[in-house]
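Analysis of the macromolecular model
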Amino acid sequence: MTTTPELSREERDAAMVERYADGETLDAIGQSFGITRERVRQIIAKVGGTSAEESRKSRLASREAATSAARNAFMAEYGELARQMSRRGVTRPDAIDKLKALFPAMDAELAEDALRTSSIVFDKSQMEDIFSKEAVAAGVWYLLGSNLGLAPDRQWAAVNIELSLMNELRAALESAEADVEDVSTILGVIGAAQKYLQENPETSITGQRYEHLRDELVPALGLVSRQGAFPWPPTRQTVTKRFGGWNEGLEAMGIGTAAKGRPKGLLKFTPADYEDSVRDFNRFALSSGAKPTFTGYEAWVKQEIHAGNSRPSGAAVRNIYGTWLDAVRAVQE
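Rules of the game
Residues numbered from 1 in each chain as written. Predicted model: local features only at pLDDT ≥ 70, side-chain atom pairs only at ≥ 80, totals over all residues. Heavy atoms only, no water. Helix = DSSP H or I, 4+ residues; strand = E, 2+ residues; numbered from the N terminus. Contact = heavy atoms within 4.5 Å. Areas by Shrake-Rupley, 256 points an atom, 1.4 Å probe, with all protein chains shown as cover. Phe/Tyr/Trp six-rings, centres within 6.5 Å; stacked < 30°, edge-to-face > 60°. Lys NZ or Arg CZ within 6 Å of the ring centre and 35° of its normal. Axes fitted to C-alpha atoms, helices over the stretch in contact; angles between N-to-C directions. Parallel < 35°, antiparallel > 145°, perpendicular 65-115°, else oblique. Nonpolar A, V, L, I, M, F, W, Y, C, P; charged D, E, K, R; others polar. Salt bridge = Lys/Arg side-chain N within 4 Å of Asp/Glu carboxyl O. Buried < 20%, exposed > 50% of the residue type's maximum accessible area, 1.4 Å probe, protein only. Core = buried A, V, L, I, M, F, W, Y, C linked by side-chain atoms within 4.5 Å.

**Focus: the overall build of the chain**
Looking only at helices and strands, the chain features 18 helices and zero strands. Sequence separation of 24 or more characterises 71% of the internal contacts of the chain that already satisfy a separation of 6 or more. When the accessible surface of the chain is totalled, it reaches about 18,000 Å², and 51% of it is carbon and sulfur.

**Overview of the packing of aromatic side chains**
By the definition in use, this model includes 10 aromatic pairs. Ring plane angle 90° and centroid distance 5.4 Å describe the contact between Phe281 and Tyr297, whose orientation is recorded as edge-to-face. With a gap of 16 residues between them, Phe281 in helix H15 (residues 271-287) and Tyr297 in helix H16 (residues 294-306) connect regions that are remote in the sequence. What links up through ring pairs into an aromatic cluster is the set Phe281, Phe294, Tyr297, Trp300 and Trp324. Its end group placed over the ring of Phe243, Lys133 keeps NZ or CZ at 4.9 Å from the ring centre.

**Here we look at the packing of helix H8 (residues 133-148) against helix H10 (residues 163-175)**
Viewed as axis vectors pointing N to C, H8 and H10 meet at an angle of 70°, and their least axial separation amounts to 10 Å. In terms of orientation, H8 lies roughly perpendicular with respect to H10. Mapping the contact onto sequence places Glu134, Ala135 and Ala138 in H8 and Leu165, Glu168 and Leu169 in H10. Split by residue class, the contact of H8 with H10 holds four nonpolar, no polar and two charged.

**Re the pattern of salt bridges**
The final tally for this structure, using the stated rule, is 11 salt bridges. Notably, a salt bridge pairs Glu38 with Arg41, separated by 2.3 Å at the nearest N-O pair. Highlighted residues: Glu38 and Arg41, both in helix H3 (residues 37-46), separated by three residues, approximately one helical turn. For Glu38, a relative accessible area of 33% gives the class partly exposed. Accessibility expressed as a relative area gives 39% for Arg41, which makes it partly exposed. One salt bridge connects Asp280 with Arg311, and the closest N-O pair in it is separated by 3.1 Å. Here Asp280 is found in helix H15, whereas its partner Arg311 is found in the loop between H16 and helix H17 (314-321), with 31 residues between them in sequence. Here Asp280 falls in the partly exposed class, since its relative accessible area comes to 27%. The exposure class assigned to Arg311 is buried, which follows from its relative accessible area of 17%.

**Comments concerning the environment of Arg39**
In this structure, Arg39 sits in helix H3. Judged by relative accessible area, which is 41%, Arg39 ranks as partly exposed. Separated by 13 residues in the primary sequence, Arg39 and Leu26 place their C-alpha atoms 9.0 Å from one another.

**Overview of the nonpolar core**
Ranked by size, the top nonpolar core spans 36 residues in total, and within it Val140, Ile190 and Trp232 carry the most contacts. Among the secondary structure elements, those contributing two or more residues to this core are H8, H10, helix H11 (180-199), helix H12 (207-220), helix H13 (236-243) and helix H14 (246-253). A total of nine residues in this core trace back to one element, the largest contributor, which is H8. By size, the runner-up hydrophobic cluster in this structure holds 15 residues, among which are Tyr274, Phe294, Val317 and Ala327.

Here is the structure:
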């Protein structure tokens, strides 16, 4: 047991009060003086020292200050490396593993805490599942429309963009402190891009151009979240992962692939293929006693693909017919 140098009773009592006020526990103080924690409490109460609540607050403040200092030190040494890795689509756990392999003295627990509370947004661990697949696709439409310099088409968007998608994008944009005019403009550009592609199906955008526009245009509009990042539109890596590849994503959205322009009218599926798919699903839903919803169609497409039957995606169907309800109405009529 560790003991303190010989002190007078007054000096001992004053030392206890001071250490307790600094946040040290009764147990720790009692051990250093060779007395019980209860006796320490009695002495402090007798001389009118700090209350237990005040000591607890001081202890928490001291602990938080130490934690904050450790986080800052970590970020000063490794923060820029972690930021560069996040831009390449590296997840937070993988970034920590890479740093640990190269810098063995690094504290992995501290790294997790510092990166988790930092402004760095890692692709999979924090972003990949934030948005629905439709919202991820909408990011591509928006930057495609921006790349083409299209003016917002609010009328087309009002008729053709689903309300659920509008609400999701509005919530994401408002969290990034976008105002109502920004939201209206962005939704209008998405609509304009989708309308433009109906007449110009060969139009495309490369992943590199998409990322370049995202890095320049989005911050210029002030679409920065309170955490210091702009999660929507999502990164190129997120689009690629959600759709299994950049060109696969473009194809699923009904956009010309970046590898080569697609001649007008030559789609992966013919108009008859789209009609047959929606009609087959409609029959499947009715036979199952379910409604022919867009979500149900996407689940059915996955089952069909698993069974070896190629079917157009829900996003592609919507792009052909304008809306999902129009597709269903078309086959029912």
